[in-house]
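Overview (structure and organization)
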Amino acid sequence: MNKIFYPDFFNDVFGPIMQPGSSSNFAGNSRVGWAASFLVKGDLKRVKISFNPGGENQLRDLGNMMEDRAFLGGLQKFRPDDERLFRAHELAREKRIAYEFGLLDKDNCYPESVCFDVESVKGEKGRLIGASIGGGMIKVFEINGFPLLWQGDSFALLVKQNEKTLSKINAFIAARGDAVLESREIKNAAGGNAFFIELDYQPAETDLGIFDEADYLFFPALLPVTSFKGRKEQIFKTVDEWAAYAAAKNISFVDAAVEYEKAFSGWDEKAIWNYFENIREILYHQIHALEDRGIDPVPDTPLLPVYGKHWNRYKKSGRVLQDPLVSRIMDYAFSVNAKIPGVKIVPGPMGTGGGYLFSALEAVREARNFSKEKQLEGLVVAAGLGAIAYTLCRPTGISGCVGESGVCCAMASGAITWMAGGTGREVQNAASMALQANIGIPCDPIPGGLEFPCLTRTVRAAITAPLYADMALAGIDPLIPYHEMLRVIERTRSLYPDALCGGDCGTNCTATAEKCRRFFSGEVMDGKLKWEP
């Protein structure tokens, strides 16, 4: 049977739980490296991480979003929430792992992919080709030359097929029953045969013991919500369908969103609400992290000053022009921007998007004395809007900043509208207006650019979320429904990809950006592309 797989609240929207950074470039790439770590069973001795020559910007700008640390940390089996990711270079050298970043001889057929060639101290060798596709999600295209497509949503087994293993493979599949999601025979270019088996649970070592160690590779699930055979079809793909489902079932707008997650995950309501509580707890600590540490003791880094220090001194001067609500959102947003190692974050959809979104939700809750229960419902509404965005467009930097801070603003606006007593229609109107204000903005983070221009857009996303909520609650109709605006994002991306994303668009075209890039490739990344023990 074919697996049912569609955007989920905890895999795609509010996920993964991770260390501060980009969900695509840091968490996603660490997951790709983590998958590659299972190519060999012995300790790593040597790794080469290669990019397509046609995507040379991947190598040129390597490290700007901590991709280098993500790859190396994942190869050392550090999960996205492991603080050791920040010391991946140092720890690899302590373990005497030789590593090199470079280019392949020629492009493979997987644009934007990364190729891992690994060797263990036992002499085992392996190759994996995969990619981070946004929001922490990944795709693995090839393992040891065998073409396949694996998204980290299952427990996967690659077994060589020969006279010795064929009967064992059939017996293994038969014994697993409904736990087998898919099993297929695959061939590599060298004429080798193998079976790729996906399961919805992690088999015991005794289950795998029927195969000789040299005949199989096992890859654990990388996502918090794994696939299973009982998964139901996607309940809604637009806000209109969402509201219609709620009306047909005679349940609330929020309960309909919970039903969406139940259909995907198979979790019960208690487990779903508990996971949202966990997300809120992480976001709460993130937006208070600077205050909890006293602000000034938090260290600056060469690539990211703690702008919250500047904001705090300015507030103390009594010259702030913003009203108290906006000022409080900015307090929280600057804590999010500080990206303090060890302070876990939850994307939504971009790496720090969940924090910016929650900056607005918490400041509004405090100012208007809304209950925490209503705020939690707001997070569920935001998740529903995010899942629709992932269904209809690419809510990542590849679509420009509207795919990141724009969708984040839409999710926050809709959530605040719900918290303030709005209807599903008003939630949709607020989200649509937020997207309309963000169409066409490039995603152009400057390598070595001290978080610019991202800071200007992410803080704006947070402080304008209540604006669009107020407009919707005032009865202003944005004319265009949310799902149509999402399709605008996708069409704009397809028409103007070079203008919307990359190292040669937007502010990256300025002379200052070129100076930052030279500093970054020289002082920051010097000596980090290759190391031999």
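The structure we're discussing is the one just above.
In this report, the structure presented in the accompanying data block is examined. (Residues numbered from 1 in each chain as written. Predicted model: local features only at pLDDT ≥ 70, side-chain atom pairs only at ≥ 80, totals over all residues. Heavy atoms only, no water.)

So, about the overall build of the chain. A tally of regular secondary structure across the chain gives 21 helices and 11 strands. Radius of gyration (C-alpha) of the chain: 23 Å, near the 24 Å computed for a compact globule of 533 residues. If one aligns the C-alpha atoms of the chain with their principal axes, the spans along those axes are about 75 × 60 × 45 Å. Here the chain holds 533 residues, and the buried ones make up 58% of them. Within the chain, contacts between residues at least 6 apart in sequence are counted, and of these 76% link residues at least 24 apart. Total accessible area on the chain stands at roughly 21500 Å², and carbon and sulfur atoms take up 51% of it. In the chain, 59 positive and 66 negative side-chain charges are present, and the distance between their average locations comes to 3 Å. (Helix = DSSP H or I, 4+ residues; strand = E, 2+ residues; numbered from the N terminus. Rg over C-alpha atoms; globule rule 2.2 N^0.38 Å. Buried < 20%, exposed > 50% of the residue type's maximum accessible area, 1.4 Å probe, protein only. Contact = heavy atoms within 4.5 Å. Areas by Shrake-Rupley, 256 points an atom, 1.4 Å probe, with all protein chains shown as cover. Lys, Arg positive; Asp, Glu negative; His and termini not counted. Charge placed at Lys NZ, Arg CZ, Asp CG, Glu CD.)

So, about the layout of surface pockets. Empty space within the second largest pocket amounts to approximately 660 Å³. Forming the walls of the second largest pocket are 27 residues, and the residues nearest its centre are Ser 37, Phe 38, Val 40, Lys 41 and Lys 77. Taken together, the elements giving at least two residues each to the lining of the second largest pocket come down to α7 (205-208) and β10 (216-219). Of the residues forming the lining of the second largest pocket, the biggest block, three residues, is contributed by β10. Among the residues making up the lining of the second largest pocket, the classes are represented as 15 nonpolar, five polar and seven charged. (1 Å grid on protein atoms, 1.4 Å probe; cavity = no way out; pocket = protein on both sides within 12 Å on 5 of 7 lines; lining within 4 Å. Points joined across faces, edges and corners; volume = space filled by probe spheres on them. Nonpolar A, V, L, I, M, F, W, Y, C, P; charged D, E, K, R; others polar.)

The next thing to look at is unusual backbone geometry. In this chain, Gly 15 is followed by Pro 16 through a cis amide linkage whose omega measures -5°. With an omega of 0°, the peptide bond running from Phe 452 to Pro 453 counts as cis. Mapped onto the elements of the fold, Pro 453 is located in the loop between α17 (424-436) and α18 (454-473). Of note, Asn 144 is a non-glycine position whose phi angle comes to about 50°, a positive value. Of note, the phi angle at Leu 450 is positive, near 55°, even though the residue is not glycine.

Here the focus is the packing of aromatic side chains. Here the structure, examined in full by the defined rule, presents 26 aromatic pairs. Ring geometry for Tyr 6 against Phe 264: centres 5.0 Å apart, planes inclined by 70°, an arrangement best described as edge-to-face. Placement of Tyr 6 in the segment before α1 (9-13) and of Phe 264 in helix α9 (residues 253-265) is noted, with a sequence separation of 258 residues between them. Each member of the pair Tyr 6 and Phe 264 is classed as buried. Cation over ring: Lys 41 sits above Tyr 216, and NZ or CZ is 4.5 Å from the ring centre. One Lys or Arg, Lys 77, reaches over the ring of Phe 38 and ends 4.3 Å from the middle of that ring. (Phe/Tyr/Trp six-rings, centres within 6.5 Å; stacked < 30°, edge-to-face > 60°. Lys NZ or Arg CZ within 6 Å of the ring centre and 35° of its normal.)

Below, the discussion takes up the nonpolar core. If you look at the biggest cluster of nonpolar residues, it comprises 88 residues, and the most contacted ones within it are Phe 14, Trp 242, Phe 276 and Tyr 482. For this core, the leading source of residues is helix α15 (residues 372-392), giving 12 residues. With residues near it in sequence (within four places) discarded, Tyr 482 still touches Val 239, Leu 385, Ile 388, Ala 389, Ala 410, Gln 428, Ala 431, Ser 432 and Leu 435. Judged by nonpolar contacts, the second largest core, of 43 residues, contains Val 40, Leu 59, Phe 146 and Leu 222. (Core = buried A, V, L, I, M, F, W, Y, C linked by side-chain atoms within 4.5 Å.)

Under the criterion given, the structure shown has 31 salt bridges. Residues participating in the shared-partner salt-bridge network are Arg 60, Asp 61, Asp 504, Glu 514, Arg 517 and Arg 518. (Salt bridge = Lys/Arg side-chain N within 4 Å of Asp/Glu carboxyl O.)

Once that is clear, we can look at the sheet that holds strand β8 (residues 180-187). Ordered in space as β8-β9-β7-β10, the four strands form an open sheet in which the pairing is antiparallel. Here the strands that pair on one side only, and so sit at the sheet edges, are β8 and β10. Looking at each pair of strands side by side, their axes are set apart by 15° on average, direction ignored. Bridge count between β8 and strand β9 (residues 193-199): seven bridges; the pairing is antiparallel. Opposite Arg 184, over in β9, you have Phe 196 as the bridge partner. Against the sheet, helix α6 (residues 166-176) engages β7 (155-160), β8 and β9, with an angle of about 15° to β9. (Pairing = 2+ DSSP bridges. Axes fitted to C-alpha atoms, helices over the stretch in contact; angles between N-to-C directions.)

A separate point is the side chain of Ser 23. Relative to the assigned elements, Ser 23 resides in helix α2 (residues 23-36). Within polar-contact distance, the side chain of Ser 23 engages the backbone oxygen of Pro 349 at 3.4 Å. The residues touching Ser 23, leaving out its near neighbours within four places in the chain, are Met 18, Gly 28, Gly 135, Gly 136, Pro 347, Pro 349, Met 350 and Gly 351. (Polar contact = N/O pair within 3.5 Å; in protein donor to acceptor, adjacent residues only side chain to side chain.)

Any two packed helices are characterised by how steeply their axes cross, that is the angle between the axes, and by the distance between the axes. At their nearest, the axes of helix α14 (residues 353-368) and α15 sit 11 Å apart, and the two run at 150° to each other. Of the possible angle classes, the one that applies to α14 and α15 is roughly antiparallel. By crossing handedness, the relation of α14 to α15 is classed as right-handed. Residues Leu 357, Phe 358, Leu 361, Glu 362 and Arg 365 of α14 pack against Lys 372, Gln 375, Gly 378, Leu 379 and Ala 382 of α15. The residue inventory of the contact of α14 with α15, partitioned by class, reads five nonpolar, two polar and three charged. (Parallel < 35°, antiparallel > 145°, perpendicular 65-115°, else oblique. Left-handed = near helix turned anticlockwise from the far one by under 90°.)

A separate point is the environment of Gly 54. Assignment of secondary structure puts Gly 54 in the loop between β1 (44-51) and α3 (57-60). With relative accessibility at 64%, the residue Gly 54 sits in the exposed group. In this structure the C-alpha to C-alpha distance between Gly 54 and Ser 317, which are 263 residues apart in sequence, comes to 51 Å.

Let's shift gears to the state of the cysteines. Counting across every chain of the model gives zero disulfides. This cysteine, Cys 501, is not joined by any disulfide, and Cys 443 carries the nearest cysteine sulfur, 5.0 Å off. Overall, Cys 501 belongs to the partly exposed group, its relative accessible area being 30%. Cys 505 takes part in no disulfide bond, and the closest cysteine sulfur to it belongs to Cys 501, at a distance of 6.3 Å. (Disulfide = S-S within 2.5 Å.)

This part is about the sheet that holds strand β5 (residues 137-143). With mixed pairing, the seven strands of this open sheet are ordered in space as β6-β5-β4-β3-β1-β2-β11. A strand with exactly one partner marks an edge of an open sheet, and here the two such strands are β6 (146-150) and β11 (530-531). Of the strand pairs in this sheet, strand β3 (residues 114-120) and strand β4 (residues 125-134) are connected by six bridges, and their pairing is antiparallel. Note on β4: the bridge partner recorded for Glu 119 is Lys 125. Across the sheet, α2 touches β3, β4, β5 and β6, and the angle it forms with β4 is around 155°. Packed on one face of the sheet, helix α4 (residues 67-75) meets β1, β2 (98-103) and β3 and runs near 145° to β1.

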